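Observations on the three-dimensional arrangement
The primary structure of each chain is shown beneath.
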Amino acid sequence: MRKPITDLIHHPYVPPATFAAPQPGVHKASTVFFADVAAMRARDWKTKAGYTYGLHGTPTTFTLEERLAALEGGTATLLVPSGLAAISLVAFALLKSGDEVLIPDNAYGPSKALASGELANFGITHRLYDAMNPADLAAKLSERTRLVWLEAAGSVTMEFPDLPALVRLCRNRGVVAALDNTWGAGLAFSPFDLGNGLGVDISVHALTKYPSGGGDVLMGSVVTRDDRLHNALKLTHMRMGFGVGANDAELLLRSLPSIELRYAAHDRNARILARWFEGREEIAQVLHPALPGSPGHANWQRLCAGDVPGGDGLAAGLFSVVFDERYSADQVDCFCDSLQLFRLGYSWGGPISLVVPYDIGLMRDASVARWPHRGTLVRFSVGLEAVGDLQADLEQALAAL
Ligand SMILES: *Cc1c(COP(=O)(O)O)cnc(C)c1O
């Protein structure tokens, strides 16, 4: 006689074949069963023809991978536990001792920290280049360069580079061009189709931001349009054990269908507030690629607004302001502390507006390009609140300066 616990564990559950609903099912597994030893031996984890182990994918993660490839215009996706893990996966898959990677000086900070930490320990060197000066990238590409990172717009300082020009330089030298596409999110422009037959080789995306949209999930993706490159990344992905959980994948599958609406709403609110800041005498400069006075605006216009003068295009929900240098860093901290609706916190892409003050002088390498401002920079991630309420919050906090 079997004990009830055995019958409970061996309950004859069969997934309902005819059940159809808007959301795909959530399949959780570390172990995946095989019918017999021959099937076990025959199964190849590298193909999506079957399942071998939870770490190598489930129906839930395969569905999310396909949808992300569709969003970004690629053919294959790998999922990893964070946006930063996506950046490190690319490095570990493509670089070996003696190689060099080039990183824009205005890149996402932890990407530079990875290069000066683990990559340096492994004998991989890196150099920073001025993303706003393609000639600087051209001069720094060498025999040892195996990978060039791109980012549009630059983290925190929001400069929009001439992406097609940078990609063309990489293409001419046969060097892999990898874009951190978190800002563009597959919506502001097409990373694999930048015009004139140019496209990046790899698009990395912090799904933590707009794809999640909730400020509650960490995940990253690496999308490619080249089987050879995808397979190289996949081998490293498997050997390093970069799996993601089914519940997190489920949250992303739930949020993705509304990404375009949310992105446009964040964008609309951010532009209203950025333009309003332009009229404030406390502010030396507003940094938002869709505003004509912002660095790289013409590049944004060409890539994201169809080169239509005054064309709206798309531009995410981020912008930064540089305070006039007459305000001390302490006064600017006080401004941030006085905000009620804008909360102090890292990351972006969720419904709640966020604010962070930065000391750019500490973050940038003076030998690459001069940071032209002396005042303190504050970066805003604009959420989905009513924009009038956000503006009133900014106004009362400016009064606290
Ligand atoms: C947030 C972010 C990342 C890292 O994503 P995490 O999921 O937080 O690790 C990478 N690049 C950019 C541009 C980001 O904004």
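Fair warning: this is a prediction, and the values are worked out from it, not measured in the lab. (Residues numbered from 1 in each chain as written. Predicted model: local features only at pLDDT ≥ 70, side-chain atom pairs only at ≥ 80, totals over all residues. Heavy atoms only, no water.)

On to the overall build of the chain. Of regular secondary structure, the chain possesses 14 helices and twelve strands. For a compact globule of 401 residues, the expected C-alpha radius of gyration is about 21 Å, and the chain comes in at 23 Å, within 12% of that figure. Seen along its three principal axes, the alpha-carbon backbone of the chain occupies a region of about 85 × 50 × 40 Å. Counting only residues that meet the buried cut, the chain has 52% of its 401 residues in that class. For the chain, restricting intrachain contacts to residue pairs at least 6 apart in sequence, the fraction spanning at least 24 positions comes to 74%. When the accessible area of the chain is evaluated, it comes to approximately 18500 Å², of which 54% is carbon and sulfur surface. (Helix = DSSP H or I, 4+ residues; strand = E, 2+ residues; numbered from the N terminus. Rg over C-alpha atoms; globule rule 2.2 N^0.38 Å. Buried < 20%, exposed > 50% of the residue type's maximum accessible area, 1.4 Å probe, protein only. Contact = heavy atoms within 4.5 Å. Areas by Shrake-Rupley, 256 points an atom, 1.4 Å probe, with all protein chains shown as cover.)

Attention now goes to the layout of surface pockets. Quantified by volume, the largest pocket comes out at close to 580 Å³. Along the wall of the largest pocket there are 35 residues; nearest its centre are Y108, P110, S155, K209 and W348. Sorting the residues of the lining of the largest pocket by element identifies α4 (83-94), α5 (109-121) and α13 (360-363) as the ones contributing at least two each. Class assignment of the residues belonging to the lining of the largest pocket gives a composition of 18 nonpolar, ten polar and seven charged. Looking at side-chain class alone, the lining of the second largest pocket contains eight nonpolar, three polar and no charged residues. (1 Å grid on protein atoms, 1.4 Å probe; cavity = no way out; pocket = protein on both sides within 12 Å on 5 of 7 lines; lining within 4 Å. Points joined across faces, edges and corners; volume = space filled by probe spheres on them. Nonpolar A, V, L, I, M, F, W, Y, C, P; charged D, E, K, R; others polar.)

All right, on to the domain arrangement of the chain then. The domains assigned to the chain are domain 1 (37-258) and domain 2 (260-398). Here the C-alpha centre of domain 2 lies 26 Å away from the C-alpha centre of domain 1. If you look at the interface, domain 1 gives 38 residues, while domain 2 gives 36 residues. Both faces considered, domain 1 and domain 2 share a buried interface measuring about 3000 Å² in area, 63% of it formed by carbon and sulfur atoms. Of all residues in domain 1, the largest losses of buried area upon contact with domain 2 belong to V156, W183 and Y210, amounting jointly to 26% of the total for that side. On the surface where domain 1 and domain 2 come into contact, there are two salt bridges. A salt bridge links E159 to R364, with the nearest nitrogen and oxygen atoms 3.4 Å apart. Scanning the region where domain 1 abuts domain 2 turns up 15 residue pairs in polar contact (both at pLDDT 80 or more). Put simply, the parts of the chain that give the side of domain 1 that touches domain 2 at least two residues each are β3 (125-129), α6 (134-140) and α7 (163-173). Grouping the amino acids of the side of domain 1 that touches domain 2 by side-chain chemistry returns 19 nonpolar, eleven polar and eight charged. (Domains from an automatic or database assignment. Buried area = accessible area lost by both parts, 1.4 Å probe. Salt bridge = Lys/Arg side-chain N within 4 Å of Asp/Glu carboxyl O. Polar contact = N/O pair within 3.5 Å; in protein donor to acceptor, adjacent residues only side chain to side chain.)

Right, let's talk about the site of the ligand for a bit. Lining the immediate environment of the ligand, one finds 13 residues, of which G83, L84, D180, T208 and K209 sit closest. Separating an oxygen atom of the ligand from a backbone N or O atom of G83 is a distance of 2.7 Å. K209 places a polar side-chain atom, nitrogen or oxygen, 2.6 Å from an oxygen atom of the ligand. The fraction of the free accessible surface of the ligand (380 Å²) that becomes covered by protein chains is 90%. Given that more than half its atoms are within 2 Å of the pocket grid, the ligand belongs to the largest pocket. Looking at side-chain class alone, the shell around the ligand contains five nonpolar, five polar and three charged residues. (Near = heavy atom within 4 Å. Sits in = over half its atoms within 2 Å of the grid points.)

A few words now on the sheet that holds strand β10 (residues 343-344). Strands sit in the order β8-β9-β12-β11-β10 across an open sheet of five strands; the sheet is mixed. With partners counted over all chains shown, the strands left at the sheet margins are β8 (283-287) and β10, one partner each. Against the sheet, helix α12 (residues 329-338) contacts β9 (318-323), β10, β11 (354-358) and β12 (377-381), and its axis sits at roughly 20 degrees relative to β12. (Pairing = 2+ DSSP bridges. Axes fitted to C-alpha atoms, helices over the stretch in contact; angles between N-to-C directions.)

Residues lying three or four places apart along an α-helix face the same way, a consequence of the helix completing one turn every 3.6 residues. For helix α3 (residues 59-72), which comprises 14 residues, the first-to-last C-alpha distance of 20 Å matches the rise-based estimate of 20 Å (1.5 Å per residue) to within 8%. Among the residues making up α3, those that are buried are T60, T61, F62, L64, E65, L68, A69 and E72. Elements in contact with the buried residues of α3: β1 (76-80), β6 (202-206), β7 (220-224) and α9 (246-255). (Expected span 1.5 Å × (residues − 1).)

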